[in-house]
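What follows is the residue order along each chain.
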Amino acid sequence: MAMTRDRMATKTPVAKPELLDTATIARISSMQVLARTVVEGFILGLHRSPFRGFSVEFAEYRSYVPGDDIKHLDWKAYARIDKYYIKLFEEETNLACHVVLDASGSMGYSGSQPMSKLQYAARLAACLSYLMNRQRDAAGLVTFDAGVIDFLPAQLRQSGLQRIFQTLESIKPGKETELAGPLHNVAEAIKRKGLVVLISDLLGEVKPMLEALQHLKFIGHDVLVLQVLDPDELEFPFDKLTEFTDLETGEKMKASGRSA
């Protein structure tokens, strides 16, 4: 059977954005330029809340029940079928997102890579913050090592985003890792429920960290954990006698990778 022209359709291939390699990312010193370059390569949609209200977009109907505000009645539907229906809408909300960045000494390791773990994590934090701001969601930043170093509350203003970029551009590896304490402090300090994104190498005590993350979940935050590791930490390419230095304590130790 022949198909009419107006029913024929062809798929147009959609170009996929090219991902920047780590060497290119490392050469971009401006966090703002980097974040805009990476994020604007993707199609961004507005954050939609799963909660139904009466403010933005039509979602569906439901039957009227006593107590509903009659201003939301669909009178056209009533005229057609002689039944009362309420229009439901999908409410658009602003999400509050805090990126919690581990700036402890262990994050300063780079191995043979063009960036240290901290430099990469800082760029990731910049992109996430820009993405949130681009979606009209509030972005905030917390940096920590053994304690909280910087605390920038989530806000929508461009000035707040600029402070995040400036903080990330000047960040340097700090003291020993203490995951649990700073996370508990963050849980107490952030009053508005939202999204907390932890970026860390997670090189610390597991049980206290999980308890701190549970603290954030208990008070209503959604929690996303992003672990940043150097390839050396995953592949351990040291097969000869090597001197290792603890980046947080300065302690040195010689060991053979073959016997490890």
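Residues numbered from 1 in each chain as written. Predicted model: local features only at pLDDT ≥ 70, side-chain atom pairs only at ≥ 80, totals over all residues. Heavy atoms only, no water.

Draft legend 1. Molecular detail of the sheet that holds strand β8 (residues 222-227). Across the sheet, five strands lie side by side as β6-β5-β4-β7-β8; this open sheet has mixed pairing. Strands at the two margins of the open sheet, each flanked by one partner only, are β6 (148-155) and β8. Mean inter-strand twist for the sheet, computed between neighbouring axes without regard to direction, equals 15°. Pairing analysis gives five bridges linking strand β5 (residues 138-144) to β6, with the strands arranged antiparallel. The residue of β6 that forms the bridge with Leu141 is Leu152. (Pairing = 2+ DSSP bridges. Helix = DSSP H or I, 4+ residues; strand = E, 2+ residues; numbered from the N terminus. Axes fitted to C-alpha atoms, helices over the stretch in contact; angles between N-to-C directions.)

Draft legend 2. Representation of the pairing of strand β9 (residues 241-245) in the model. Relative to strand β10 (residues 252-256), β9 runs antiparallel, the two being bridged by five bridges. The residue of β10 that forms the bridge with Glu243 is Lys254. Two successive antiparallel strands, β9 and β10, enclose a turn made up of six residues, where Gly250 displays a positive phi of approximately 80°.

Draft legend 3. Quick look at the packing of aromatic side chains. Across all of its chains, the model carries one aromatic pair by this definition. Between the aromatic rings of Trp75 and Tyr84, the centroid separation amounts to 6.2 Å while the plane-to-plane angle is 90°, which identifies the pairing as edge-to-face. (Phe/Tyr/Trp six-rings, centres within 6.5 Å; stacked < 30°, edge-to-face > 60°.)

Draft legend 4. Quick look at a nonpolar patch on the surface. Taken together, Ile70, Trp75 and Tyr84 make up a surface patch of nonpolar side chains, about 340 Å² in accessible area. Note that Ile70 resides in the loop between β2 (57-63) and α3 (75-81). According to the relative accessible area criterion, Ile70 is exposed, its value standing at 51%. (Patch = residues over 30% accessible without salt bridge, like charges linked within 9 Å, V, L, I, M, F, W, Y side chains within 5 Å. Areas by Shrake-Rupley, 256 points an atom, 1.4 Å probe, with all protein chains shown as cover. Salt bridge = Lys/Arg side-chain N within 4 Å of Asp/Glu carboxyl O. Buried < 20%, exposed > 50% of the residue type's maximum accessible area, 1.4 Å probe, protein only.)

Draft legend 5. Seen up close, the nonpolar core. By size, the foremost hydrophobic cluster in this structure holds 29 residues, and its most contacted members are Val99, Leu101, Leu141, Phe165, Leu168 and Ile199. Sorting the residues of this core by element identifies α2 (31-39), β4 (96-102), α4 (117-134), β5, α5 (158-169) and β7 (195-200) as the ones contributing at least two each. For this core, the leading source of residues is α4, giving nine residues. Residue contacts for Leu101: discarding those within four places in its chain leaves Leu118, Ala121, Ala122, Leu141, Val142, Thr143, Phe144, Leu168, Ile171 and Ile199. If you look at the next biggest cluster of nonpolar residues, it comprises 15 residues, including Val142, Ala187, Ile190 and Met209. (Core = buried A, V, L, I, M, F, W, Y, C linked by side-chain atoms within 4.5 Å. Contact = heavy atoms within 4.5 Å.)

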